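# Results of the structural survey
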Amino acid sequence: MPLDSSPIPDELKGLRIALLVAGGIAAYKIVDLASALTQAGADVRVAMTASATRFVGAASFQGVTGNPVLTGLWAADGPAEPHVFLGDWAQVTLLAPATANIISRVARGQSDDIVTATLLASRGPVVVAPAMNDAMWSKAPVQENLSTLRGRGVTVVEPESGHLASGHVGAGRLPGAAALMDALASAVRSRYDLAGRCVVVTAGGTREPIDPVRFVGNYSSGKMGFAVAAAAADRGARVTLVTTAMHPAHPGIDVRPVETADEMLEELKREIAGADVLVMAAAVADFRPARVADNKIRREETPRLSLDLEQVPDLVAALGKEKDAQKVFRVGFAAEGSDLAAKALEKMKKKGLQAIVANDISRKDIAFGSDHNAGVMLFADGTREDLPRMTKREMADRILDLVRPRLNS
Ligand code: C5P
């Protein structure tokens, strides 16, 4: 927690935040902010100007964030263009303390050090928190430069009045961690439509053991679930992905590997309490071996093997009955070979879902493992949306576009 022990806004949890530190005395306060954000689950990376390193050591920031700190454009190791890497990576960027000098350089569009270059390369919203001597703060060039930045969509956090390092009393103090976090949170809210939301996604086909080395499984690749998780994270949500499949994970997603339907249910029961949305893209087994052999079944001793399969309880239907799940918007998937919409509608009702995405597994161009999907999305409120063939990532965003306005405020 920061020194003023204010709660961290939900929007910042799980977010990728770049803290750009310039050479002001208040730089030491940003160490505390970086620590508080990291403890709250944000992924924080810091870049510092050369002057900033005269006030605070890069090692302090590295220590509290657990990430390498950029102190120049020519990092000995790490990405070739560190400013482009950080600009791409960050979902939101804070420049603090912003000195009169760096404000002027940013306003002119300079990019001759790691901080100014990262700002120019940033893709997310930018918050600037000035801190300087009261006389410098009151000067026209500083105020004009800040107006320029505001005009470009930058959020400027007004400095506080009070005791200044120079011994003067006046405007120019860096606001406390709570004000900086609030400014970051509102910048995030205005850019990302799922900021502050918690989305739980399942992906892949479950593997139901026969013995210690064999399982009953299915062809689900997990690509659709991974696409939904990535899209939700890109839109600012905190995302938990409960998955049997493994693909490169999008940064910031909390990946929970599982194997069986039972393990998936256990994770979901834990996660459902704080969730706003559940997207059940996983192909959960319908049947599993009724008994699991303790030891590997040996071919030499088993001329013929019959598997006795029992039904797997419906996870999403069971979850829907839990008290914690009542406020969660639950989306299921239905893979069907015929009568797509009719069968999906029946499933949505039976499983108590708010929506269902039905896709046609008889089509060769969108089958299991493909990067594309197509189908129809039905809502419990009666709405029907066709989803023409598109990439799974495009469909993930389309699904979230349709779910977002239906979430409670
Ligand atoms: O009944 P069907 O398997 O077609 O339903 C698919 C939907 O139900 C998916 O969202 C899937 O994740 C979910 N499901 C489940 N538990 C099962 C089987 C399916 O939650 N045992």
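Calculation criteria
Residues numbered from 1 in each chain as written. Predicted model: local features only at pLDDT ≥ 70, side-chain atom pairs only at ≥ 80, totals over all residues. Heavy atoms only, no water. Pairing = 2+ DSSP bridges. Helix = DSSP H or I, 4+ residues; strand = E, 2+ residues; numbered from the N terminus. Axes fitted to C-alpha atoms, helices over the stretch in contact; angles between N-to-C directions. Expected span 1.5 Å × (residues − 1). Contact = heavy atoms within 4.5 Å. Parallel < 35°, antiparallel > 145°, perpendicular 65-115°, else oblique. Left-handed = near helix turned anticlockwise from the far one by under 90°. Near = heavy atom within 4 Å. Polar contact = N/O pair within 3.5 Å; in protein donor to acceptor, adjacent residues only side chain to side chain. Areas by Shrake-Rupley, 256 points an atom, 1.4 Å probe, with all protein chains shown as cover. Nonpolar A, V, L, I, M, F, W, Y, C, P; charged D, E, K, R; others polar. Core = buried A, V, L, I, M, F, W, Y, C linked by side-chain atoms within 4.5 Å. Buried < 20%, exposed > 50% of the residue type's maximum accessible area, 1.4 Å probe, protein only. Domains from an automatic or database assignment. Buried area = accessible area lost by both parts, 1.4 Å probe. Salt bridge = Lys/Arg side-chain N within 4 Å of Asp/Glu carboxyl O.

## Notes on the sheet that holds strand β12 (residues 254-257)
The strand order across the open sheet formed by eight strands is β12-β11-β8-β13-β16-β17-β18-β19, and the pairing between neighbours is mixed. The sheet terminates laterally at β12 and β19 (384-391), the two strands that pair on one side only. Averaged over all pairs of adjacent strands, the angle between their axes in this sheet comes to 20 degrees, without regard to strand direction.

## Remarks on helix α9 (residues 177-191)
Every α-helix carries 3.6 residues per turn, so stepping three or four residues along brings you back to the same face. The end-to-end C-alpha distance of α9 is 21 Å, a good match for the 21 Å that 15 residues give at a rise of 1.5 Å each. Close packing links the buried residues of α9 with β1 (16-21), α1 (27-39), β3 (92-98), β4 (126-130) and β5 (155-156).

## What to know about the packing of α1 against helix α3 (residues 58-65)
Helix packing for two helices is described by the angle between their axes and how far apart those axes are. The interhelical angle for the contact between α1 and α3, taken along N-to-C directions, is 15 degrees, at an axis separation of 8 Å. Here α1 is positioned roughly parallel relative to α3, judged by the angle of their axes. Relative to α3, the crossing made by α1 is right-handed. Across the interface between the two elements, Ala 27, Ile 30, Val 31, Ala 34, Ser 35 and Thr 38 from α1 touch Ser 60, Phe 61, Val 64 and Thr 65 from α3.

## Things to note about the environment of Val 331
Its place among the elements puts Val 331 in strand β16 (residues 329-336). Put simply, Val 331 and Ala 281 are 50 residues apart on the chain and 8.3 Å apart in space, counted from C-alpha to C-alpha. Excluding anything up to four places from it in sequence, Val 331 contacts Leu 278, Val 279, Met 280, Leu 353, Ala 355, Val 357, Met 377 and Val 403.

## With respect to the site of the ligand
Among the 14 residues in the neighbourhood of the ligand, the closest are listed as Met 280, Ala 282, Val 316, Phe 333 and Lys 347. Between the ligand and Met 280, the relevant distance is 2.8 Å, taken from an oxygen atom to a main-chain nitrogen or oxygen of the residue. Burial of the ligand by the protein amounts to 88% of the accessible area it has alone, namely 450 Å². Those elements that place two or more of their residues in the shell around the ligand are α12 (315-320), β16 and α13 (340-351). A class-by-class count of the residues in the shell around the ligand yields nine nonpolar, one polar and four charged.

## A closer look at the nonpolar core
Among the nonpolar cores identified, the biggest contains 40 residues, and Leu 12, Ile 17, Leu 19, Ile 30, Leu 33, Leu 37 and Phe 61 are the most heavily contacted of them. Listing elements by their share of this core, those giving two or more residues are β1, α1, β2 (43-48), β3, β4 and α9. Broken down by element, the residue count for this core peaks at eight residues, all from α9. Residues in contact with Leu 33, not counting those within four places in the same chain, are Leu 19, Leu 94, Ala 177, Leu 180 and Met 181. Within the second largest apolar cluster, 33 residues are counted, among which are Met 224, Val 239, Ile 253 and Met 390.

## Some words on the domain arrangement of the protein
Its domain assignment divides the protein into domain 1 (10-191) and domain 2 (198-404). A C-alpha centroid distance of 41 Å is found between domain 1 and domain 2. Contact residues are listed per partner, giving six residues for domain 1 and seven residues for domain 2. For the pair domain 1 and domain 2, the two sides together bury roughly 510 Å², of which 45% comes from carbon and sulfur. Taken together, the connections running from domain 1 to domain 2 amount to zero salt bridges. Taken together, the connections running from domain 1 to domain 2 amount to one residue pair in polar contact (both at pLDDT 80 or more). A class-by-class count of the residues in the side of domain 1 that touches domain 2 yields one nonpolar, two polar and three charged.

## Quick notes on the packing of helix α5 (residues 100-107) against helix α8 (residues 140-151)
Between α5 and α8, the shortest axis-to-axis distance is 9 Å and the interhelical angle comes to 45 degrees. Between α5 and α8, the angle is such that the two are oblique. Relative to α8, α5 is oriented so that their crossing is left-handed. Residues Ala 100, Ile 103, Ser 104, Val 106 and Ala 107 of α5 form the contact with α8, whose participating residues are Val 142, Asn 145, Leu 146, Thr 148 and Leu 149. By residue class, the composition of the contact of α5 with α8 is seven nonpolar, three polar and no charged.

## A look at the side chain of Ser 122
Checked against the element boundaries, Ser 122 lands in the loop between α6 (114-121) and β4. The exposure class of Ser 122 is buried, given its relative accessible area of 18%. Polar side-chain contacts of Ser 122 include one of 2.8 Å to the backbone oxygen of Leu 119. In this structure, Ser 122 is in contact with Gly 87 and Thr 93, ignoring residues within four places of it in sequence.

## Describing the sheet that holds β2
Pairing is parallel in the open sheet, where five strands are placed in the order β2-β1-β3-β4-β5. A single partner strand is all that each edge strand has here, and the edge strands are β2 and β5. Pairing between β1 and β2: six bridges, direction parallel. Within β2, the position partnered with Val 21 by the bridge is Met 48. Across the sheet, α1 is in contact with β1, β2 and β3; its angle to β1 comes to roughly 170 degrees.

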